[in-house]
Amino acid sequence: EIHSLFEQGLESRGRGYLIPRKPFYLGRWIQHSGWYPGRLVRLAHRKHARWSEPPVHEILQVQGPLATLKHPILHYSFLDISEHTLTTLHYSRLSYQGFLNKGHKPSRMRLVFMPLIKFCQTYFIRCGFLDGVPGWIIAIQAAYGVFLKYSYFFDSSSPSSQSRENLEEKSRGADCAFAHHRQ
């Protein structure tokens with residue numbers, strides 16, 4: 001499909017192309033859970049496109065019409081649950097930072113209800129239950145990420161920024177402490 005675009009001229013159908021992303025997670029292709037089709041602009045002429053710079057999930061912004069390709073990019077999201085959890089920690093911290101930058105205030109109601117809403121949205125509304133156990137884990141992780149980003153408001157020791165490497169290092173330290181405790 002992409003080859004034919006280049007033969008016809010990249011801008012023959014649009015200045016940018018939304019391409020479905022088919023994720024592979026925990027040994028299977030995810031068809032639901034809000035992860036598929038996950039269309040993103042991943043092909044565009046560089047003189048008509050630029051990357052946005054939000055703290056979470058930058059977007060390729062295109063000036064002009066977009067077309068949609070049929071065939072998906074095969075996306076190997078995470079190697080395992082640990083990598084998924086580290087990514088959730090990283091993005092929840094960035095989302096919290098975005099909230100701070102926009103002047104958001106702590107809210108116990110959001111802390112309680114937004115994770116529940118996220119779980120229901122992912123598992124029931126976006127049919128995560130059809131993805132089996134991986135769909136359940138995706139919904140739990142999504143809710144956990146939302147829980148964390150609202151929890152950081154109540155953490156008085158929460159630094160204003162933290163790198164992924166620090167999170168990974170803390171995670172490894174926790175794993176080591178847990179392993180030592182079990183012995």
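Located above this text is the structure these notes cover.
Residues numbered from 1 in each chain as written. Predicted model: local features only at pLDDT ≥ 70, side-chain atom pairs only at ≥ 80, totals over all residues. Heavy atoms only, no water.

With that settled, the discussion passes to helix H3 (residues 108-125). The terminal C-alpha atoms of H3, which comprises 18 residues, lie 24 Å apart, in line with the 26 Å expected from a rise of 1.5 Å per residue. Met-114 marks where H3 bends most, by close to 25°; the proline Pro-115 follows one to four residues later. When we look at burial in H3, the residues that qualify are Leu-111, Pro-115, Phe-119, Thr-122 and Tyr-123. (Helix = DSSP H or I, 4+ residues; strand = E, 2+ residues; numbered from the N terminus. Expected span 1.5 Å × (residues − 1). Bend = angle between axes of the 7 residues up to and from the residue. Buried < 20%, exposed > 50% of the residue type's maximum accessible area, 1.4 Å probe, protein only.)

Take the packing of aromatic side chains next. We describe a pair of aromatic rings using the distance from one ring centre to the other and the angle between the two ring planes. Taken as a whole, this structure holds 16 aromatic pairs when the rule is applied. Relative to Phe-78, the ring of Trp-35 has its centre 6.1 Å away and its plane inclined at 55°; by these criteria the two rings are tilted. With Trp-35 in the loop between strand S3 (28-29) and strand S4 (40-44) and Phe-78 in the loop between strand S8 (73-76) and helix H2 (81-101), this pair connects stretches of sequence that are 43 residues apart. Plain terms: the ring middles of Phe-119 and Tyr-123 are 5.4 Å apart, the flat faces sit at 20° to each other, and that makes the pair stacked. Of this pair, Phe-119 and Tyr-123 both sit in helix H3, 4 residues apart, which is roughly one turn of that helix. Relative accessible area serves as the criterion here: at 12%, Phe-119 is assigned to the buried category. One Lys or Arg, Arg-93, reaches over the ring of Tyr-152 and ends 3.9 Å from the middle of that ring. (Phe/Tyr/Trp six-rings, centres within 6.5 Å; stacked < 30°, edge-to-face > 60°. Lys NZ or Arg CZ within 6 Å of the ring centre and 35° of its normal.)

As a further point, take the nonpolar core. Counting residues in each nonpolar core, the largest one holds 10 residues, listed as Leu-86, Leu-89, Tyr-96, Phe-99, Leu-111, Val-146, Leu-148, Tyr-150, Tyr-152 and Phe-153. Secondary structure elements with two or more residues in this core: H2 and helix H4 (132-151). For this core, the leading source of residues is H2, giving 4 residues. Core analysis: the next-biggest nonpolar cluster, separate from the first, contains 7 residues, Leu-10, Tyr-17, Ile-19 and Ala-67 among them. (Core = buried A, V, L, I, M, F, W, Y, C linked by side-chain atoms within 4.5 Å.)

Moving on: the side chain of Ser-52. Mapping Ser-52 onto the fold places it in the loop between strand S5 (49-51) and strand S6 (60-62). Residue classification places Ser-52 among the buried positions, given a relative accessible area of 11%. Looking at Ser-52, its side chain comes within polar contact range of the main-chain nitrogen of Ile-59, at 2.8 Å. (Polar contact = N/O pair within 3.5 Å; in protein donor to acceptor, adjacent residues only side chain to side chain.)

Two faces make up the sheet, and in a regular strand the side chains alternate between them. Examined bridge by bridge, strand S1 (residues 16-19) and S4 share 4 bridges and lie antiparallel to one another. In the sheet register, Ile-19 faces S4, and the bridge partner there is Leu-40. One ladder, built from 3 bridges, connects S1 with strand S7 (residues 66-68); its direction is parallel. Bridging across to S7, Leu-18 finds its partner in Thr-68. (Pairing = 2+ DSSP bridges.)

With that settled, consider the packing of H2 against H4. Closest axis-to-axis distance for the H2/H4 pair is 8 Å, and the angle between their directions is 35°. The two elements H2 and H4 cross, and the hand of that crossing is right-handed. Contact with H2, carried on its side by Ile-81, His-84, Thr-85, Thr-88, Leu-89, Ser-92, Ser-95, Tyr-96 and Phe-99, involves Ile-137, Ile-138, Gln-141, Tyr-144, Gly-145, Leu-148, Lys-149 and Tyr-150 of H4 and no other residues of that element. Looking at the contact of H2 with H4 residue by residue, the classes come out as 9 nonpolar, 7 polar and 1 charged. (Axes fitted to C-alpha atoms, helices over the stretch in contact; angles between N-to-C directions. Left-handed = near helix turned anticlockwise from the far one by under 90°. Contact = heavy atoms within 4.5 Å. Nonpolar A, V, L, I, M, F, W, Y, C, P; charged D, E, K, R; others polar.)

A word on H2. Every α-helical turn comprises 3.6 residues, leaving residues that sit three or four positions apart pointing alike. Relative to the 30 Å expected for 21 residues at 1.5 Å per residue, H2 spans 30 Å between its end C-alpha atoms, a close match to the ideal helical length. Two to three positions downstream of the cap, the backbone nitrogen of Ser-82 sits 3.2 Å from a side-chain oxygen, assigning the N-cap of H2 to Asp-80. Directly after H2, the chain includes Gly-103, whose backbone phi takes a positive value near 80°.

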